[in-house]
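# Chain and residue survey
Residues per chain are reported as follows:
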Amino acid sequence: MHTFRRAIEVLFVLTLAVLLAGGIVFVLGQAIGLVAGQGQWLTALNDTIKTPICIAASVCAVAGFLLSYKRRQPQEQPQKAGAR
């Protein structure tokens, strides 16, 4: 079970990195396109980058949801007080 959790953690971190990097590229590209007055850049960014970012966000969200479940810890038995 530990290897499955580790794989989910790796998937979460990788998709989060892709999501953040893609978001930065997307927003900066839109800002540059707006300043330059190039509407074609905006549509090109929307057509090429938006879909992979949305997929990465979805995978990251599912992985984060799965990581929210913790393995049940065995409950400790209360220790009896010893005689003095």
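Residues numbered from 1 in each chain as written. Predicted model: local features only at pLDDT ≥ 70, side-chain atom pairs only at ≥ 80, totals over all residues. Heavy atoms only, no water.

### Remarks on the overall build of the chain
When its secondary structure is counted, the chain shows 3 helices and 0 strands. Within the chain, residue pairs in contact and separated by at least 24 positions form 73% of the contacts whose partners lie at least 6 positions apart. A total accessible area of about 7200 Å² is found for the chain, and carbon and sulfur atoms account for 66% of it. (Helix = DSSP H or I, 4+ residues; strand = E, 2+ residues; numbered from the N terminus. Contact = heavy atoms within 4.5 Å. Areas by Shrake-Rupley, 256 points an atom, 1.4 Å probe, with all protein chains shown as cover.)

### Some words on the UniProt feature "transmembrane region" (unreviewed entry) in the chain
In the UniProt entry, the feature "transmembrane region" (unreviewed entry) is given for residues 49-69. Segment residues 49-69 splits into 86% helix and 0% strand. End C-alpha atoms: 31 Å apart. (UniProt positions renumbered as here; feature names shortened; annotations may be inferred.)

### Looking at helix α3 (residues 50-67)
Counted at 1.5 Å a residue, the expected span for α3 with its 18 residues is 26 Å, and the 26 Å between its end C-alpha atoms agrees. If you check which residues of α3 are buried, you get Ile53, Ala56, Cys60, Ala63 and Leu67. End-on view of α3: buried residues confined to an arc of 95°, all on one side of the axis. Looking at α3, the residues exposed on the side facing more than 90 degrees away from the buried face are Ile55 and Val62. On its buried face, α3 sits against α1 (2-36). (Expected span 1.5 Å × (residues − 1). Buried < 20%, exposed > 50% of the residue type's maximum accessible area, 1.4 Å probe, protein only. Arc of directions from axis to C-beta.)

### Topic: the packing of α1 against helix α2 (residues 39-48)
At a closest axis distance of 8 Å, the pairing of α1 and α2 adopts a crossing angle of 165°. Compared by their axis directions, α1 and α2 come out roughly antiparallel. α2 is crossed by α1, and the crossing has left-handed handedness. Where α1 abuts α2, its residues Phe26, Gly29, Gln30, Ile32, Gly33, Leu34 and Ala36 lie against Trp41, Leu42, Leu45 and Asn46. Of the residues that constitute the contact of α1 with α2, the class distribution is 7 nonpolar, 4 polar and no charged. (Axes fitted to C-alpha atoms, helices over the stretch in contact; angles between N-to-C directions. Parallel < 35°, antiparallel > 145°, perpendicular 65-115°, else oblique. Left-handed = near helix turned anticlockwise from the far one by under 90°. Nonpolar A, V, L, I, M, F, W, Y, C, P; charged D, E, K, R; others polar.)

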